[in-house]
Amino acid sequence: MINTFKNKSWFKLLSNKYILVLVFFTVWMLFLDNYSYFDHRFLDNQIEELEDNKTYYQEEIKKDKKHIKELQNIGHVEKYAREKYYMKKDSEDIYIIEFEGDSAIKTK
C-alpha cells in the first residue's frame, strides 16, 4: 500500500515527532490537566469576584463605623430614631408627607 500523503509538506510537518509531542502537550495543558487553562480562568474570575466583594464590604464597614461614631452622641440618636422609626415625644404630632416618586413601590 502506497501512502499518497507521504510527499506532502503538511503531512511531513504533522508526522514530525516534535510537533506531535507539542500538540499533545498543548492539548493536555489546555483541557486535561488539573491546572488547565480553563480551570485557571474560572479561578481567576472567582478571585476577581471575591476581591470586588471585599472592597464592597470594606466600604460598608467604613460607613457603619462612621454611623456608629455618630450614634455616640445622644442628639444623633434622637434624630435617627425620629427619622428611621418615626418616634416622637409625648407632646408632638408627626405628619408623614410622601411626594410623588418618593415611595418604594410604584403603582401605575
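Calculation rules
Residues numbered from 1 in each chain as written. Predicted model: local features only at pLDDT ≥ 70, side-chain atom pairs only at ≥ 80, totals over all residues. Heavy atoms only, no water. Helix = DSSP H or I, 4+ residues; strand = E, 2+ residues; numbered from the N terminus. Rg over C-alpha atoms; globule rule 2.2 N^0.38 Å. Buried < 20%, exposed > 50% of the residue type's maximum accessible area, 1.4 Å probe, protein only. UniProt positions renumbered as here; feature names shortened; annotations may be inferred. Phe/Tyr/Trp six-rings, centres within 6.5 Å; stacked < 30°, edge-to-face > 60°. Patch = residues over 30% accessible without salt bridge, like charges linked within 9 Å, V, L, I, M, F, W, Y side chains within 5 Å. Areas by Shrake-Rupley, 256 points an atom, 1.4 Å probe, with all protein chains shown as cover. Salt bridge = Lys/Arg side-chain N within 4 Å of Asp/Glu carboxyl O. Contact = heavy atoms within 4.5 Å.

As recorded in an unreviewed UniProt entry, the protein chain goes by the name Septum formation initiator family protein, listed as coming from Flavobacterium keumense.

Turning to the overall build of the protein chain, a few remarks are in order. Within the protein chain, the secondary structure is distributed over four helices and zero strands. Starting at the N terminus and ending at the C terminus, the protein chain contains elements arranged as α-α-α-α. The C-alpha atoms of the protein chain give 34 Å as radius of gyration, which overshoots the globular expectation for 108 residues (13 Å, by more than 25%). Residues classed as buried in the protein chain amount to 3% of the 108 residues present.

In this section: the UniProt feature "coiled-coil region" (unreviewed entry) in the protein chain. Residues annotated in UniProt with the feature "coiled-coil region" (unreviewed entry) correspond here to residues 40-67. Strand forms 0% of residues 40-67 and helix 100%; the C-alpha atoms that close the span are 40 Å apart.

On to the UniProt feature "transmembrane region" (unreviewed entry) in the protein chain. Under the present numbering, the feature "transmembrane region" (unreviewed entry) in UniProt falls on residues 18-38. Taken end to end, residues 18-38 is 81% helix and 0% strand, and its two terminal C-alpha atoms sit 25 Å from one another.

This model, assessed by the stated rule, comprises five aromatic pairs. On the basis of an interplanar angle of 65° and a centroid distance of 5.1 Å, the ring pair of tyrosine 56 and tyrosine 57 is categorised as edge-to-face. For tyrosine 56, a relative accessible area of 44% puts it in the partly exposed group. By way of ring pairs, the aromatic residues Phe31, Tyr37 and Phe38 are connected into one cluster.

On the surface, a nonpolar cluster with roughly 1,100 Å² of combined accessible area is contributed by Val23, Phe24, Phe25, Val27, Trp28, Met29, Leu30, Phe31, Leu32, Tyr37 and Phe38. If you list the elements that add at least two residues to the nonpolar patch, you get helix H2 (17-32) and helix H3 (37-70). Examining the composition of the nonpolar patch, we find that nine residues originate from one element, H2, more than from any other. You can see methionine 29 is positioned in helix H2. The exposure class assigned to methionine 29 is partly exposed, which follows from its relative accessible area of 31%.

On the secondary structure map, aspartate 39 appears in helix H3. Its relative accessible area of 37% is what places aspartate 39 among the partly exposed residues. Residues aspartate 39 and asparagine 73, 34 residues apart in the sequence, show an inter-C-alpha distance of 52 Å. Apart from the residues within four sequence positions on either side, aspartate 39 is in contact with Asp33 and Asn34.

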